[in-house]
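Given next are the chains, with one letter for each unit.
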Amino acid sequence: RHAVCIFYLVLRALDTIEDDMTISLDVKVPMLHEFHSYLYQPEWKYTESKEKDRQVLEDFPTISMEFRNLSKVYQDVISDVCHKMGVGMAEFLEKKVDSQHEWDRYCHYVAGLVGIGLSRLFSASDLEDPIIGQDTELANSMGLFLQKTNIIRDYLEDQKEGREFWPREVWSRYAKKLSDLAKPENIDMAVQCLNELITNALHHVPDVLTYLARLKNQSVFNFCAIPQVMAIATLAACYNNKQVFRGVVKIRKGQAVTLMMDATNIQAVKAIMYQYVEEIYQKIPSTDPSSNKTQQIIASIRAMSLPGSPMTSRHHYSPIYLSCAMLLAALSWQYLSTISKATEEYVQAGEN
């Protein structure tokens, strides 16, 4: 638990540097490259950030001290992932995501490495078998599926912030500029582009199911499975949906709570995946250029998701107390999110 907590805070600090547009590139690039070394410098901190999460940089000596208190096996994983991620972030600071290969590469740096790092921590703790940390391809897919879902869903928000993460190789077939997809007259082409990217993301689902089927610890399983079922539900909501280019598409809060309560064993997760790919299948337009590819990957997911499908699985218990605990966690999270948002708006109003 401590290792995962510190891993998160370290990467949050790294991500805050990457996101801070007030830091010049000649300062930011060396910082990203060297960030992993700051973990071993007790006094290092950065006090000039303007980002909302700047506290993790200003109080970094507290985080780095706790990092150095971890077992060496955990330190090595966190430092290694931090180094690779910093180098990758620096690589994409001055270039946009062009090909689908580069899309995978960018998502690997910012999310796949998180999946790999977490998997190595799970194995290092002996909560999971060594194969979990060793099979980096599956762990990478876990991160890519989540990251691609976020990138697809957040098209409009990223456009407003001046960020572009959709791969040019795909969107250039549908528009001259990525921003053109938000224009009402281009909505049909925009939705076709959206469907192609969702189809691309769905190709990670078989790896996700294989990864989850190997897990044996209940807490680790819940931790890994819940974001994945949230992602497939989000993609089902976004598929063939014009609203992606007009506003925010989110799954309902009650739906999210149900997913959290249900995703406690591999058979339940397979059933959830089956449900949502069926939902996507029912919405595939016959005229969509990606329709055949979408149908093909859904057929593959169906084959893995059907009861009795040939997949190694571990037995997981789903007692009522676990469901109640997860419901409480969901409600608490929602409450804290609301309070946090209200506080942030109050502070911003005061500053203005």
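Residues numbered from 1 in each chain as written. Predicted model: local features only at pLDDT ≥ 70, side-chain atom pairs only at ≥ 80, totals over all residues. Heavy atoms only, no water.

- Looking at an unreviewed UniProt entry, the protein chain carries the name Squalene synthase, with the source organism given as Eurystomus gularis.
- Under the UniProt heading Cofactor (unreviewed entry), the entry covering the protein chain gives this text: "Mg(2+)".
- Under the UniProt heading Sequence similarities (unreviewed entry), the entry covering the protein chain gives this text: "Belongs to the phytoene/squalene synthase family." (UniProt positions renumbered as here; feature names shortened; annotations may be inferred.)

### Quick word on the overall build of the protein chain
Step number 1: Tallying secondary structure elements over the protein chain gives 17 helices and zero strands in all.
Step number 2: Across the protein chain, every contact between residues at least 6 apart in sequence was considered, and the portion connecting residues at least 24 apart equals 73%.
Step number 3: As presented, the protein chain carries roughly 17600 Å² of accessible surface, and 53% of it is formed by carbon and sulfur atoms. (Helix = DSSP H or I, 4+ residues; strand = E, 2+ residues; numbered from the N terminus. Contact = heavy atoms within 4.5 Å. Areas by Shrake-Rupley, 256 points an atom, 1.4 Å probe, with all protein chains shown as cover.)

### Side note on the pattern of salt bridges
Step number 1: In this structure the tally under the stated criterion is 20 salt bridges.
Step number 2: A salt bridge links Arg302 to Glu278, with the shortest nitrogen-to-oxygen separation between them at 2.4 Å. Placement of Arg302 in helix 16 (residues 291-305) and of Glu278 in helix 15 (residues 266-282) is noted, with a sequence separation of 24 residues between them.
Step number 3: Looking at Glu278, the relative accessible area reads 18%, which means it is buried.
Step number 4: Three or more residues joined by partner-sharing salt bridges are found here, namely Arg12, Asp15, Lys52 and Asp53. (Salt bridge = Lys/Arg side-chain N within 4 Å of Asp/Glu carboxyl O. Buried < 20%, exposed > 50% of the residue type's maximum accessible area, 1.4 Å probe, protein only.)

### Focus: the nonpolar core
Step number 1: With 110 residues, the main nonpolar core has Phe35, Trp166, Leu181, Leu202, Tyr211, Leu212 and Phe245 as its most contacted residues.
Step number 2: In terms of residue count, helix 13 (residues 218-238) provides more of this core than any other element does, 13 residues in total.
Step number 3: Of the residues that make up this core, three or more belong to each of domain 1 (1-95) and domain 2 (99-309).
Step number 4: Residue contacts for Tyr211: discarding those within four places in its chain leaves Ser119, Phe122, Ile132, Leu138, Ala139, Met142 and Cys224. (Core = buried A, V, L, I, M, F, W, Y, C linked by side-chain atoms within 4.5 Å. Domains from an automatic or database assignment.)

### Details of the packing of aromatic side chains
Step number 1: The tally for this structure, following the rule as stated, stands at 13 aromatic pairs.
Step number 2: The rings of Phe35, Tyr38, Trp44 and Phe60 are connected pair by pair, giving a single aromatic cluster.
Step number 3: The cationic tip of Lys95 hangs over the ring face of Phe92; the distance from NZ or CZ to the ring centre is 4.7 Å.
Step number 4: Positioned above the aromatic ring of Tyr281 is the side chain of Arg302, whose terminal nitrogen or guanidinium carbon lies 4.3 Å from the ring centre. (Phe/Tyr/Trp six-rings, centres within 6.5 Å; stacked < 30°, edge-to-face > 60°. Lys NZ or Arg CZ within 6 Å of the ring centre and 35° of its normal.)

### Some details on helix 16
Step number 1: Given a rise of 1.5 Å per residue, 15 residues ought to cover 21 Å, and the 21 Å separating the end C-alpha atoms of helix 16 matches this to within 8%.
Step number 2: Those residues of helix 16 that sit buried are Ser291, Thr294, Ile297, Ile298, Ile301 and Ser305. All buried residues of helix 16 lie within an arc of 135° about the axis, which places them on one face of the element. Exposed and oriented more than 90 degrees from the buried face of helix 16 are Asn292, Lys293 and Gln296.
Step number 3: In this fold, the buried residues of helix 16 make contact with helix 11 (187-202), helix 12 (205-214) and helix 15. (Expected span 1.5 Å × (residues − 1). Arc of directions from axis to C-beta.)

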